[in-house]
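Each chain is listed here by its residues.
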Amino acid sequence: MNIENVCKVYKTKNDEVKALDNVSYEFKPGKLYAIMGHSGSGKSTLISILGLIETYTSGKITINNEDISKLKDNDLSNLRMKYIGFVFQDFYLDEHLKAYENVMLPMLINKEIKREERKEKAIKLLTDLGLSERINHYPKELSGGECQRVAIARSLANDPKIILADEPTGNLDEENEKLVFETLKDLAKKGKCVIVVTHSEEIKKYADEILKITKGKLEV
Amino acid sequence: MNLKDRLWIIKNHIFDKRNYIFITILFFIFIAIFITLTFYNCATYISYYEKERLASKNINIDINNYSKEKEELIKNIDHVVSIDIFMTNASYNVKEFNSITPGYITISPLIDQNDIEIIKGTNIQKEYDMICPNLFYPHDAYETIYKSDYLKGKEIVDKSVVINNQTFTIVGTYDAKKIRNHLSECFVSKNTFKKLNPEKVDTSQLTIRVDKQENRREVIRALTNIDITNIDINIINTNYSLIYISIFITIIILFISFAIIYNFIKKKLRYRLNNYGILKVSGYQNKEIFKLDILENLIVSTICFIVSAIFFYIVYNLIINSISSLDYYIYTSEINLEINYFYILLSYLFMIIMIFIATKYLNYKYLNQSINYLLKDE
C-alpha cells in the first residue's frame, strides 16, 4: 500500500482542521508497522483513510498498484473485502452471533469461498488464535482478550493482505495486550502487511517499523 | 449473497427484543386498521342501502292514460329493461323443508335474472323452481333469531317447500345482502308468481325496470316527455356522511401508523449502525445491507399480520355474535358487519409499502454516511 501526499482537512463552521498534512509512505507486506502519537495527532484519521473507510481531501493512495482515488463506493467495498481486514478497539462483534458466526460474516459476500467451506474455515481461524473452546460462545460470554481475538479472526476471514488495527488493545489488560500483539506479529511473519495504531509502548517490542505522527505529519 | 445467506444472518436477529417491540406495535396498528376498514365497509353498505335495494331499479306508473303505443315508446326509452304488471311480494307459512318446525317465507317474482347473484346451484329455469338466500332464515323477523337456525348454501339447494299445495324445489341460492333483501325472501319466476298469487298482482299499475338506479331520473324525464305523468318517483337519496367519516378516520390512522413505523425503524436502524458499519468495513455494499434490513422487516411484519388477522377474526366474531340485538339488523340486511378480506389484504399491502419506503429512505440517509460515523454512533 502506497500513500503519496495525502491530506485530510475537516471543515467546521468557522474553521478548518488539517488532520493529515502531506503524508507519504510505502507499506510493505511481511512487516508490522506501529503508528504512534498523542491524542489528536491524526493516527486514527490516517488508519481510517488507509482502510478506505474515510475519504481524503487530496493525494494519492494505491493498493496493489491500483489508484483508488477514482473508485466508486461499491468498488471500494470490493477492495476492502479482498485486501483489507480491520480490527477496532471496541471489537464490534455481533452479540446475536456466536464466535464462529461472527468470523463467517465477511465470507458471505466472498464468492470464492463456498458455503460448505465457511464454517470449517472460521473454526480453523479461531483455533489458530487459541479459541478452539470458545467457538460456540456469544460475545457476552467471552473475555475482552477473547473478543479481540475473535475480531482478529473475523478480519482474516477473506484472507486479506493488509491488516489494520486501531487501538486494538485499548480496552485490554496487560496480559491480553501481549497476546494480541503477538498475534499481530505472527500475521506479519506470515506475509501480511500489519499496521497498528496504538498508544501502548509495548508495541515497540513487536513492531518492525515505528512511525510517529505529530499534528498530521508523519515522521519515520 | 443469496437469500439463504440473508436468512441465515436474519434468523439470529429476529428474536432481538427490539423486534418483539416492533411486532407489538405493528399488532396494534394492524388491529386499528382492520377496525377502521371494517367500519368503512359497514358505512359504505349502509350509505348505499337505498341505492342497492332491488326496488330502487323500479319505476311504478299508473295504468290510466296508457296505451299499446305508449308501451312501445316506453320500451324504446334508453335504460329500460322491462315492463310488467305491478306485483308485490307474498308471505307464506311453510313447514321448514317438510320438518315439523313452522317456517315463514316471502316470495317475490324474479323480473330479471341479472337482478340476483347466484352463489350455489342454478338460477330459475322451470316453473316450480325457487331461489332462496344463501344465508337463509325462513322465519318471521319478529321471532327470536338464533344463529344456529340459519341455513346455509348446501343445506338449502335441492330441498322442497310446499306452498298452496304446490311443491317447489330450491334450485339455487343468492346473495340477499347484495340487494338488501331480508333473509327469508325467495324468488320464483314471474309467471309462477302470478299463478300462485293473483291477488298480489295490481293491474292498475305497471312496473318499469331500469338497468341501474342511477338511470331512474333520466327514464322518469323520458316518461314525462311522452305524457306519462302518474309516476311514483320515490326519490332515492344516498347519504355519504358515514363514508366520509370512515375515510377520514382511515387516513388519520394510516398517517399515524406511518409515523410510528418510521420512528421505530429509525430507532432499530440506529441501534444496528455499529453492526452495519462492520459489515461495510468487511466489504458489504449499501444495497446488501438494505436487502438484509428490508427482508427482516418484511418477515417480522408478515408474522405480525398473520397473528393480528387471526386474533381480529376470532375476537371480532366473538363480539358480534354475542350482541343479540344485531341479529335483527343482520336478518333484515340493514347492516353488514362482515369482515372484508380484500380490505384486510390491502392493509397488509399498504403496510409493506410503508415499511419499504421507511426502510429505503432511512438506509439511504444513514448508510451513505462515512463508515466512521456508523461505527461511532451511539
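Residues numbered from 1 in each chain as written. Chains lettered and ligands numbered in written order. Predicted model: local features only at pLDDT ≥ 70, side-chain atom pairs only at ≥ 80, totals over all residues. Heavy atoms only, no water.

**Points about the overall build of chain B**
Thinking step 1. If you tally the helices and strands in chain B, you get 12 helices and 13 strands.
Thinking step 2. Scaling as 2.2 N^0.38, a compact globule of 378 residues should have a C-alpha radius of gyration of about 21 Å, whereas chain B reaches 30 Å, well beyond that.
Thinking step 3. Overall, chain B is about 90 × 55 × 35 Å in size when its C-alpha atoms are taken along their principal axes.
Thinking step 4. Taken over 378 residues, chain B has a buried fraction of 49%.
Thinking step 5. Summarising the internal contacts of chain B: among those between residues at least 6 apart in sequence, 80% fall at separations of at least 24.
Thinking step 6. As displayed, chain B offers around 19200 Å² of accessible surface, 58% of which is attributable to carbon and sulfur atoms. (Helix = DSSP H or I, 4+ residues; strand = E, 2+ residues; numbered from the N terminus. Rg over C-alpha atoms; globule rule 2.2 N^0.38 Å. Buried < 20%, exposed > 50% of the residue type's maximum accessible area, 1.4 Å probe, protein only. Contact = heavy atoms within 4.5 Å. Areas by Shrake-Rupley, 256 points an atom, 1.4 Å probe, with all protein chains shown as cover.)

**Details of the packing of helix α2 (residues 17–47) of chain B against helix α11 (residues 341–367) of chain B**
All names here are of chain B.
Thinking step 1. The interhelical angle for the contact between α2 and α11, taken along N-to-C directions, is 135°, at an axis separation of 10 Å. In terms of axis orientation, α2 runs oblique to α11. The two elements α2 and α11 cross, and the hand of that crossing is right-handed. Each of Phe22, Leu26, Ile29, Phe30, Ile33, Phe34, Leu37, Tyr40 and Asn41 in α2 lies in contact with α11, whose residues at this interface are Tyr343, Ile344, Ser347, Tyr348, Met351 and Ile355. (Axes fitted to C-alpha atoms, helices over the stretch in contact; angles between N-to-C directions. Parallel < 35°, antiparallel > 145°, perpendicular 65-115°, else oblique. Left-handed = near helix turned anticlockwise from the far one by under 90°.)

**Regarding the interface of chain B and chain A**
Thinking step 1. The partner chain A presents 27 residues to the 27 residues of chain B that form the contact.
Thinking step 2. Together, the buried faces of chain B and chain A total about 2500 Å²; carbon and sulfur atoms form 54% of this surface.
Thinking step 3. Put simply, chain B and chain A have 2 salt bridges between them.
Thinking step 4. A salt bridge links Asp5(B) to Arg118(A); its shortest N-O distance comes to 2.8 Å.
Thinking step 5. On inspection of chain B and its partner chain A, the count reaches 10 residue pairs in polar contact (both at pLDDT 80 or more). (Buried area = accessible area lost by both parts, 1.4 Å probe. Salt bridge = Lys/Arg side-chain N within 4 Å of Asp/Glu carboxyl O. Polar contact = N/O pair within 3.5 Å; in protein donor to acceptor, adjacent residues only side chain to side chain.)

**Some details on unusual backbone geometry**
What you tend to see is this: most non-glycine residues have negative phi, and most peptide bonds are trans.
Residues and elements named next belong to chain A.
Thinking step 1. In the Ramachandran plot, Asn22 falls in the positive-phi region, its phi being about 50° despite a non-glycine side chain.
Thinking step 2. Here Asn22 falls in the partly exposed class, since its relative accessible area comes to 43%.
Thinking step 3. Within the chain, Asn64 stands out as a residue other than glycine whose phi angle is a positive 55°.
Thinking step 4. With respect to the helices and strands, Asn64 occurs in the loop between β4 (58–63) and β5 (66–67).

**Details of the sheet that holds strand β3 (residues 32–36) of chain A**
Residue and element names in this part refer to chain A.
Thinking step 1. The strand order across the open sheet formed by 6 strands is β6-β7-β8-β3-β9-β10, and the pairing between neighbours is mixed. Every interior strand has two partners, whereas the edge strands, β6 (84–88) and β10 (217–219), have only one. Within this sheet the neighbouring strands show an average axis-to-axis angle of 20°, counted without direction.
Thinking step 2. Summarising the sheet, β6 and strand β7 (residues 162–166) pair through 5 bridges and their orientation is parallel. Bridge pairing in β7 links Val87 to Ala165.
Thinking step 3. Across the face of the sheet, helix α1 (residues 43–50) comes into contact with β3, β6, β7, β8 (193–197), β9 (209–214) and β10 while running at roughly 150° to β7.
Thinking step 4. Contacts between helix α5 (residues 144–155) and the sheet are confined to β6 and β7, with β6 contributing the most and set at about 165° to the helix. (Pairing = 2+ DSSP bridges.)

**Side note on helix α4 (residues 115–128) of chain A**
Thinking step 1. Here α4(A) is 14 residues long and its end C-alpha atoms lie 21 Å apart, about the 20 Å a rise of 1.5 Å per residue gives.
Thinking step 2. Taken together, the buried positions of α4(A) are occupied by Arg118(A), Ala122(A), Leu125(A) and Leu126(A). Along the long axis of α4(A), the arc covered by the buried residues comes to 95°, so they all point the same way. Across α4(A) from its buried face, at more than 90 degrees, point the exposed residues Glu116(A), Glu120(A) and Lys124(A).
Thinking step 3. At its buried positions, α4(A) is contacted by α3 (99–104) and α5 of chain A together with α1 (3–11) of chain B.
Thinking step 4. Backbone geometry just downstream of α4(A) places Gly130(A) in the positive-phi region, at approximately 80°. (Expected span 1.5 Å × (residues − 1). Arc of directions from axis to C-beta.)

**Some remarks on the packing of aromatic side chains**
For any pair of aromatic rings, the description consists of the separation of the ring centres together with the inter-plane angle of the planes.
Residues and elements named next belong to chain B.
Thinking step 1. Going through the model one piece at a time under the given rule, you end up with 27 aromatic pairs over all chains.
Thinking step 2. Seen in terms of ring centroids, Tyr137 and Tyr331 are 5.6 Å apart; in terms of plane orientation they differ by 85°. Their pairing is edge-to-face. In this pair, Tyr137 sits in the loop between β7 (135–136) and β8 (151–152) while Tyr331 sits in helix α10 (residues 326–331), placing the two residues 194 residues apart along the sequence. By the burial criterion, Tyr137 is buried, and Tyr331 matches it. (Phe/Tyr/Trp six-rings, centres within 6.5 Å; stacked < 30°, edge-to-face > 60°.)

**Details of the sheet that holds strand β2 (residues 16–26) of chain A**
All names here are of chain A.
Thinking step 1. Reading across the sheet, the 4 strands line up as β2-β1-β4-β5 and stay open at both edges, with antiparallel pairing between neighbours. What marks the edges here is a single partner per strand, and that holds for β2 and β5.
Thinking step 2. Bridge count between β4 and β5: 2 bridges; the pairing is antiparallel. Residue pairing across strands places Ile63 opposite Glu66, the latter belonging to β5.
Thinking step 3. Where α1 meets the sheet, it contacts β1 (2–11), β2 and β4, and its direction lies at approximately 120° from that of β1.

**Side note on the environment of Glu146(A)**
All names here are of chain A.
Thinking step 1. Within the secondary structure, Glu146 sits in helix α5.
Thinking step 2. For the pair formed by Glu146 and Asn176, sequence separation is 30 residues and the distance between their alpha carbons is 8.3 Å.
Thinking step 3. When near neighbours in sequence (up to four residues on either side) are disregarded, Glu146 contacts Leu131 and Arg134.
Thinking step 4. At 2.9 Å, the side chain of Glu146 forms a polar contact with the backbone nitrogen of Ser143.

**Comments concerning the domain arrangement of chain B**
The parts lose accessible area when they come together, and the size of an interface is often stated as this lost area.
Residues and elements named next belong to chain B.
Thinking step 1. Assigned domains within chain B: domain 1 (3–48 + 239–376) and domain 2 (54–232).
Thinking step 2. Once you take the C-alpha centre of each, domain 1 and domain 2 turn out to be 45 Å apart.
Thinking step 3. Taken together, the contact pairs 12 residues of domain 1 with 15 residues of domain 2.
Thinking step 4. Inspection of the region where domain 1 meets domain 2 yields 0 salt bridges.
Thinking step 5. At the boundary of domain 1 and domain 2, one finds 8 residue pairs in polar contact (both at pLDDT 80 or more).
Thinking step 6. By residue class, the composition of the side of domain 1 that touches domain 2 is 6 nonpolar, 4 polar and 2 charged. (Domains from an automatic or database assignment. Nonpolar A, V, L, I, M, F, W, Y, C, P; charged D, E, K, R; others polar.)

**A look at the environment of Lys266(B)**
All names here are of chain B.
Thinking step 1. Structurally, the position occupied by Lys266 is in helix α7 (residues 241–271).
Thinking step 2. Lys266 sits 93 residues away from Thr173 along the chain, and the two C-alpha atoms are 53 Å apart.
Thinking step 3. Among all residues touching Lys266, those that are not within four sequence positions of it are Leu362, Lys365 and Tyr366.

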